Every structure is written in structure tokens, then in C-alpha cells.
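# Chain and residue survey
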Amino acid sequence: MAEELEFKISSGLKDIIGKDLITDDFIAVFELVKNSFDARAINVEIIFENDKIIIADNGKGMSYNDLLNKWLFVAYSAKKDNTEDSSDRSYIDKIQEKRYYAGAKGIGRFSSDRLGRYLSIKTKCLDAQSVENIIIDWNKFEIDQTDTFEKIKVKHDIIDAASVSFPKAENKGTILEISGLHNSWTRARILQLKYSLEKLINPFSSSKDFEIYIKCEKEKNEDNNGSYKSGKRKGERYAERDKVNGPVKNVILDILELKTSQLNFTIKDKSITTRIIDRGELIYHIKEEITDFDIIDDLQIDLFYLNRAAKYNFSLKMGIQPIQFGSIFLFKNGFRVQPFGKTGDDSWGIDFRAQQGYNRFLGTRDLFGRVDITTDNQEQFKEVSSRDGGLVETNGYFELMRAFEIAHRRLERYVVGVLWGEAFKRKHYFGTDDIALKKAEEYRESLSEDKDSSDLEIVKSNLGSKIDFIQIIKSLASDNNINIIDYNKAFVDLVNDNIDEHQARFISDLEKIAEITDDNELKNQILKTEERYQELKKEKEEAESKAKEEERKRIEAEQKAAEAERKRLLEKQRRKEEEERRRKAEIEAAKKETERALAELAKIKAEQKAKEEEEARKNAEVSLEQEKNINTYLNATRKTLSKDAEELVHSIKISVIGIDESLDSILLSLSADNNFDRELYSELSNIKIISERVLKISKLITKSNFKADEEVQKIDIVKYIKEYIDTYSYAYKRKVKISYSGNAKFISRISILDLSIVFDNLISNSQKANATSIKLEFINNGKSLEVLFHDNGRGVDLTKFPDASSLFILGMKSQVEGSGIGLYSVKKKMKEMYGDVEFVGNNISLKGATFKLAFK
């Protein structure tokens, strides 16, 4: 006879069904909270202390026998064999709605090993007189894996019930105390746990009989007195959601009260019901018999399409974008199944599909919602042992995915087709020629405003959207298994003043819908539409006939006018030719007389030529003298340059302007850096000053009798300044008005080129300071001349400079858009002319800036 052997269980099993399956601390807390829920707790408290986490509930608790025969029985689940509540029938009889279990594998109890080394369990049943207490050191299971699991001892004792307090002062419950924590729990980490717990229980459930509360004494002061450190809410006190201490609440239902597009899909009582509501208005409501769902008998799917307005308001209220919160969550018996809905997760398989066609499919970024299945069939809807791995791929799982696909596609068909206009454009409802395609695109473009609208008026007035909605209802009505309970009548109203053949094409579709749904109101509407269409068709035909007749008369009139014009032009040409023949005859007759007269005049002209040339020479000298008297220093003598010379000077001018602009750009870039190379900056500044001289020479050489080798001349400085400004006023007088005060005469040998550059820079600075007026004041002190330069610009902010003299230091900018070279150049040129310049101050004459130029 064969010998019978037995399995032995290594203590290493603890890791396999514990922390190897529970992938992170948050999921470990989830599992322990789910155990409280299954224990019929109403309240659960998660308490954080130094190196300790306490999870306390007011559930039904455990007796000594429960601890011995259930909790300490590895992988045994009383929920799975329906003995969990066999001793608590009074509780079951009291509740009206069946409450399903969140777990059924018997391994959730090992979640505490993920959190810390030690576990203390204090538990009490309602009719017990004392509290059962066991203490576990998980490290004992790791010392020697040759030890069998059952040989590792667990401490047990009894505690006085008066010394233990359960949530809400209940006389029953369980308290898990986990110490020797493996990870630290910072404020940020506890808040992340809180946000995750918000999604643990179905936020769409109307049940109020389970509350999770987080407590952390050391974070109370920050909760009450702290504020946001960054972002739009910086400085504001924390919202309740962002406080550690307090109940775990999910406010997403309040957020989704926004007017947006949503679908409600249910499988219950052997039928499927679908309702689509958009911004508070019913779109359609249908019911169908179940034909291919044998396992699912209680399913609720709620999907919300988040348009721009909904996403903005979500972020405004929650402080994060919808995609960061999550997308479409799966709940089984009221508890969340990971990883469905997690950011970046595509367990529903809709993102991969959405990537296949732009503006054709809805992905997780466009949607928010839940799928909630209620079932006792744990085998068909079983979570994988790794708690973040979703569901085992059973027949029930594939039924669930097929139900979600139906719901998702129905919402997608409405949003993409009716709201986005992609369907009527892609399916060519208006035709395929260029005019039809353009018309469809115009209707689609007009729907772009709907993305931020709080009502349906834009969509309901769009012909393309109406026609696409009719196709949806027609498709549903054609399915014998579907009963259309209601739909939005505004979408099938095609009666308007712009009715055309496109609308008329869909009257037969409306007739089919009306016949199937037996809708008398729609039948009457179709009759009115046909009558109106016939009226408009007749009006259109009459208008077209009238237009054709008018067009015929217009063409006939134009032809008559063209014939008359042709005859007029022929007559005009005939007269012109006759006039030409007559003129030629007269010319021929006069030609001989002219030849005779020319011979006689030749002699007279020869005599007069010498006299006229002498007179012309004298007149030229007089004119030149008069011009010089008008403009002593800047007399225009362009005729002294050949055309080639003028073109060469012009090319020089263009090149220098390019060099000057490039230098400006380089200097501005350098000055933007506080640590710029000052030696390089100085060298580039000298190059810019030289380029300004070359540019000024190129201008003066074509406008005056200036000679480059004689730029230092003995001149009246006052007179030259006035002449120079008047001569070149075209360059800046449109923007600034220049006036003079004083008429002192001051003769000195000076570089007129450098003097011109000085005034160009001063006037340029005034323009940059938004000056509209400049006043020059001349004061002759005998041996020196002072020129006060006033403007009405915004002045100089001396608080940005050590003193007034630093204005003339290379790189110091008096204007934001300047390079810091202008005043430096002025100072340098004045010194070269044995003069000087200084900043007198603001608000001297024109309430702007005043500079004083001194000439010796």
C-alpha cells in the first residue's frame, strides 16, 4: 500500500503572500482599510505617530476563536465560504441593502508586513467582556526558512476593555498598531495617501455608511496655520483637501456637476439602459434587451466628456489637471481595482486606439468616469494576487470590457460626430464636390465655439450636427432590439428659412424614425418641413427664372452698348487718319519754308551764341553767390560730383549703416551681461564712433561743399549749428520740434564733422526719451560759448547712476533701449574740440533733461 505524504509550509510563505504581492505602502494601507470595510465598520481612523501607524475601526471585531481559526489561518477566507457573518445575522437583518465584500483571498492581513516590523492587534466583539490582543514580529519568519510556518509563535494576551477606545466610542472593533516602520511618512507622503484613499471607495456611490479619517498630531499646526508655497494659490490657507488631518472625502461629484457631456450605461434586470445628457439636456434615452451578457447582472458605467470649460473648472477647484487625478476608475463591490484609472494607465485600451486617428476617437485625456460592477461571482471577477495588477482575464472580465466598449463608443459617436463635426465632414453628408466640402468645413469650424459653451444652442443650430444626430437616431431605431424611450427633438427640427436640398435629403430618414417610434409630433414636423421646402423650392425656381431673364436683358444691353462703342471708335479712327493726312501735307508745305528760314537763322544764331554763353556764365556766378549767402557752410553742390562718384558715396553710406547697426546689436548684447568684457566693449565703441564719422562724411560730402581733408574750419559755431539742424531737419523734425533762443556770434576753428556728430547724438537721445520739443539756448561769454540743450522728454533717473558725471562713462545707459555709447561719444568729441559737456539737470527749461556744451 502506497505511503501518503503531507506538504510542509516554509515560514518564507509570509513574504510570498505578503510584501511580494503588496507592491507599495499605499496598497498595503488600502488592503487593511478594505478589511475594516468587510468587518462592517462605519468609521476607520488612520493615525500617524512617531514610528507608528494605527488603523482603528468600529467593525464587528474578532473573538478568540476568530483570531485562532480565521485570522491566524493562512490564506483562509471566511468571506469566500460565506461563514463570515454567520454569527451576526442581526446585523445583516438590520441593513436594507446588501453589502458586498471588498476582499476574498485571505491574504490582506499580511499587508502590515509591507509597512513595519511589528504588528499589534487589539480586537473586541460586541458581546465580549475583554479585548483580545496579539503581537507579531514579522522578522521571526525570516530567520530560518527551514522552519515551518506554524512553528513561529505569536504572543497573545487579554486587555481590560476599559483601557481601549474604538472609533466613535463604539464597544467593538479592531485596532492595528504597526511599528518599526520601514519608511518615513512625511507630510507630502501622508497627503499622497489621502489623495489615493479618496479614490479607494466609489466616489459616485450615494452610500454614506463608511468614513475614513486621518489623524497626525504633528501636522495640526501646519494644517491650521500653513499656506500654499507656490502656484496661483501661493499665500492662501490650505483647502480641506490639502490638510492632513480630517475625513477622506472625494469632491469629484461636486466638480462633475459642471454642465458637460455624459453617458449613463447600466446593465440590470436583464436589460441595458443608455442615457446621454449634454449640459443638462437629454440627448437620447434607450433601452435594450440583453442578448450576449450571461455573467454580468449589475453594472453601472458613468462617463464624462471633459471639454475645455470642464477641464478648466476641474483644475480650478482641485488644484491639479484632470489627467493628473486619474481617468476612468473601476470599482468592484464599491472598492477600487488598481490600476484602472491611474494616470498613464490604459487598461481600458482606448488610448492606443485614439492615437490611430486625430479628432476621431476619445482617449483618457478626454474622459473621466467610473465603471462599477456589483457581484458575488468572485471567480469571474477576481483580482490578480498582485494588488495593482487588475483583474484575471476570465470570461467575466471579457464581458466587462465588451460592455465598456459599447458605452464608450456611444458617447464617442455623439461627441466626435455631433459636437466636433468630424462625422458629417468625413462621411460627406453634403456631397463630395469642392463646394460641398467647403460647406461641411464651414459647419465644422462653427462648432469650435461650442467647446467653451455652457449650453447646446450652438450645436442645435448647426445643420451638420443636426443631420449627424438624425443618423445616430436612425441607426438606433433600425435595431429591432433597441427601444428608443426619448430623444432631443430640437436636433431633428429642420424647418428654417435656409432649408435646401441637403436638408430635404434627410426627410426620408426622419420619416423612418417617426414610423418606428410612432412619434406623431415628429410626423407633423416632417409635414411642415416638406411644405416649407416646396414653398422655398418654388420661390427659388421663380427667383432663378427672374434672374435668368434679367441676366439675358443685361447681356443684350451690354452687346448693344459694345456695338455702339465699336462704331464710335471706328469713326474716331477715321477722323484721326484724315487729320494725320492733312497735318502731313501742311508739314511738307512748311518744310521748304523752314529750310530757307534755317539757313537765314544760322547766321543770326552763331552771332548770338557767344553773347548768350557770356551772359549764362555771369548769371551762374550770381546764382552761386546767392546760394552761398543763403547757406554759408552747407551749400548744396551736388553738381560738382559725377554720377559715378555719387553712386560710390551712396554705397559707402549703405555699408556704414549696416556696420553701425551690427555694432549696436553687439553692444546691446554685451551690456545685458553685468560681467561683460569692458576692454572689448571699449574697442567696439571706438569702432562705432569711427563708423559714425564715416557715415557723417558720406552725408556731408553729397549735401555741402565740405571737403574731408579740410574738416577743421574757421566758422561761426552758432550759425553752423542752426544751418546744420535746418538742413537735416527731414531726419527728425517729424517727431521733434526744435527752437532757438539767443543769436550770439562766436567764431572758432573747429571740426564741423565732430560738431555734427555731437548734435546727432543729443537729438537721438531726446527722441529715445520721447521728447517732442527741443530748445537750444546760445550764451556768448566773450572767450567762450555756452549752448544749453533742453528737451521735454522723460529726463534722466539719477538714482541709477553714482553721480551726473557717470552719464558719460562708456557703457552707462541713460535710456533703456540705448547702448551706453551716445553720451560717451559726445564727451569724447567735445574734448577733441577743446570743449566740454555736462549734465545740468532735469526740469530746467522744458521739464526734461538739460545738457550744457562749452566751446573755447
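All values derive from a computational prediction rather than experimental measurement. (Residues numbered from 1 in each chain as written. Predicted model: local features only at pLDDT ≥ 70, side-chain atom pairs only at ≥ 80, totals over all residues. Heavy atoms only, no water.)

## Observations concerning the overall build of the chain
A count of helices and strands for the chain gives 24 helices and 23 strands. Sequence separation of at least 24 residues holds for 70% of the intrachain contacts in the chain that already meet a minimum separation of 6. Within the structure as shown, the chain displays about 46,800 Å² of accessible surface, and the carbon and sulfur contribution to it stands at 50%. (Helix = DSSP H or I, 4+ residues; strand = E, 2+ residues; numbered from the N terminus. Contact = heavy atoms within 4.5 Å. Areas by Shrake-Rupley, 256 points an atom, 1.4 Å probe, with all protein chains shown as cover.)

## Examining helix H9 (residues 308-318)
The α-helix winds at 3.6 residues per turn, so residues separated by three or four positions along the chain end up facing the same way. Of all the positions in H9, only Ala310, Phe314 and Met318 are classed as buried. Projected onto a plane normal to the axis of H9, the buried residues spread over an arc of 45° and lie on a single side. In H9, the exposed positions that point more than 90 degrees away from the buried face belong to Tyr312 and Leu316. At the N-terminal boundary of H9, the capping side chain belongs to Asn307, with an oxygen 2.8 Å from the backbone nitrogen of Ala310. (Buried < 20%, exposed > 50% of the residue type's maximum accessible area, 1.4 Å probe, protein only. Arc of directions from axis to C-beta. Polar contact = N/O pair within 3.5 Å; in protein donor to acceptor, adjacent residues only side chain to side chain.)

## Some details on the sheet that holds strand E20 (residues 773-780)
Read from one edge to the other, the open sheet built from five strands follows the order E18-E20-E21-E23-E22, with strand pairing classed as mixed. Each end of this open sheet is capped by a strand with a single partner; those strands are strand E18 (737-741) and strand E22 (836-842). With strand direction ignored, the average angle separating the axes of adjacent strands in the sheet is 20°. Where E20 lies against strand E21 (residues 785-791), seven bridges are found, and the strand directions are antiparallel. By the bridge assignment, Glu777 is partnered in E21 with Leu788. (Pairing = 2+ DSSP bridges. Axes fitted to C-alpha atoms, helices over the stretch in contact; angles between N-to-C directions.)

## What about a negative patch on the surface?
Together, Glu539, Glu541, Glu542 and Glu544 make up a negatively charged patch on the protein surface. Topologically, Glu544 is positioned in helix H19 (residues 520-630). (Patch = residues over 30% accessible without salt bridge, like charges linked within 9 Å, V, L, I, M, F, W, Y side chains within 5 Å. Salt bridge = Lys/Arg side-chain N within 4 Å of Asp/Glu carboxyl O. Lys, Arg positive; Asp, Glu negative; His and termini not counted. Charge placed at Lys NZ, Arg CZ, Asp CG, Glu CD.)

## Some words on helix H12 (residues 395-419)
Taking 1.5 Å of rise per residue, 25 residues should cover 36 Å, and H12 covers 35 Å from first to last C-alpha, within 8% of that figure. Where burial is concerned, most of H12 is hidden: 18 out of the 25 residues are buried. (Expected span 1.5 Å × (residues − 1).)

## Here we look at the environment of Ile276
Its location among the elements puts Ile276 in strand E10 (residues 271-278). The exposure class of Ile276 is buried, given its relative accessible area of 0%. For the pair Ile276 and Tyr487, spaced 211 residues apart in sequence, the C-alpha to C-alpha distance is 9.3 Å. In contact with Ile276, not counting residues within four places along its chain, are Gln262, Leu263, Glu281, Leu282, Ile283, Tyr284, Arg410, Leu411 and Tyr414.

## Examining the sheet that holds strand E16 (residues 482-487)
Strand order in the open sheet formed by eight strands is E14-E13-E15-E12-E9-E10-E11-E16, and the pairing between neighbours is mixed. Sheet topology places strand E14 (335-336) and E16 at the edges, where each strand pairs with a single neighbour. Note that strand E12 (residues 298-305) and strand E15 (residues 367-373) share seven bridges and pair antiparallel. When the bridges of E15 are listed, Gln300 appears paired with Asp372.

## Some points on the pairing of strand E7 (residues 211-216)
Here E7 shows a clear split, with Ile212, Ile214 and Cys216 buried on one side and none of Glu211, Tyr213 and Lys215 buried on the other. Sheet topology places strand E1 (residues 43-49) next to E7; six bridges connect them, and they run parallel. Looking at E7, one finds that Phe48 is bridged to Cys216. Two strands pair when backbone bridges link them, and E7 and strand E8 (residues 246-247) are joined in this way by two bridges, in the antiparallel orientation. What sits directly across from Tyr213, in E8, is Pro247.

## Some remarks on the packing of H12 against helix H16 (residues 463-477)
Closest axis-to-axis distance for the H12/H16 pair is 8 Å, and the angle between their directions is 150°. When the axes of H12 and H16 are compared, the pair comes out roughly antiparallel. Where H12 abuts H16, its residues Arg413, Tyr414, Gly417 and Val418 lie against Ser465, Asp468, Phe469, Gln471 and Ile472. A breakdown of the residues in the contact of H12 with H16 according to their chemical character gives four nonpolar, three polar and two charged. (Parallel < 35°, antiparallel > 145°, perpendicular 65-115°, else oblique. Nonpolar A, V, L, I, M, F, W, Y, C, P; charged D, E, K, R; others polar.)

## Some details on a nonpolar patch on the surface
Together, Tyr64, Leu68 and Leu72 line one region of the surface with nonpolar side chains, adding up to about 270 Å² of accessible area. Looking at the secondary structure, you find Tyr64 in helix H3 (residues 64-71). Overall, Tyr64 belongs to the partly exposed group, its relative accessible area being 41%.

## Re the pairing of strand E11 (residues 281-289)
Pairing of E10 with E11, which is carried by eight bridges, proceeds in the antiparallel orientation. Of the residues in E11, the one forming a bridge with Ile272 is Glu288. The turn linking E10 back onto E11 is made up of two residues, and Arg279 within it adopts a positive phi angle of 50°. In the sheet, E11 pairs with E16 via five bridges, with the strands oriented antiparallel. Its bridge partner lying in E16, Lys287 is registered against Asn483.

## Examining the confidence of the model for the chain
Taken residue by residue, the chain gives an average pLDDT of 80. The fraction at 70 or more is 75%. When the criterion is pLDDT under 50, residues 625-630 qualifies, and its contacts beyond four places in sequence or with other chains add up to three contacts. (pLDDT = per-residue confidence, 0-100.)

## A short note on the nonpolar core
One finds Tyr284, Leu299, Trp348, Val371 and Tyr414 to be the most contacted residues of the largest nonpolar core, which totals 62 residues. Ranked by residue count, the leading element in this core is H12, at 12 residues. When residues no more than four places from it in sequence are discounted, the contact partners of Leu299 are Phe265, Thr266, Ile267, Val371, Asp372, Ile373, Leu400 and Ala403. (Core = buried A, V, L, I, M, F, W, Y, C linked by side-chain atoms within 4.5 Å.)

## Focus: the packing of aromatic side chains
Counted by the stated rule, this structure contains 20 aromatic pairs. On the basis of an interplanar angle of 75° and a centroid distance of 5.8 Å, the ring pair of Phe329 and Phe368 is categorised as edge-to-face. Of the two residues, Phe329 is situated in strand E13 (residues 328-332) and Phe368 in strand E15; the sequence distance between them amounts to 39 residues. Taken together, Phe325, Phe329, Phe331 and Phe368 form an aromatic cluster joined through their ring pairs. The ring of Phe293 has Arg402 lying over it, and the distance from NZ or CZ to the ring centre is 5.0 Å. Sitting over the face of the ring of Tyr487, Lys489 holds its NZ or CZ atom 4.2 Å from the ring centroid. (Phe/Tyr/Trp six-rings, centres within 6.5 Å; stacked < 30°, edge-to-face > 60°. Lys NZ or Arg CZ within 6 Å of the ring centre and 35° of its normal.)

## Quick word on the environment of Leu419
Residue placement: Leu419 occurs in helix H12. Given the relative accessible area of 4%, Leu419 is considered buried. Once the C-alpha coordinates of Leu419 and Lys460 are considered, the two residues, 41 residues apart in sequence, prove to be 9.7 Å apart. Filtering out sequence-adjacent residues up to four positions away, Leu419 remains in contact with Ser261, Asp278, Arg279, Tyr305, Tyr414, Leu447, Asp450 and Val459.

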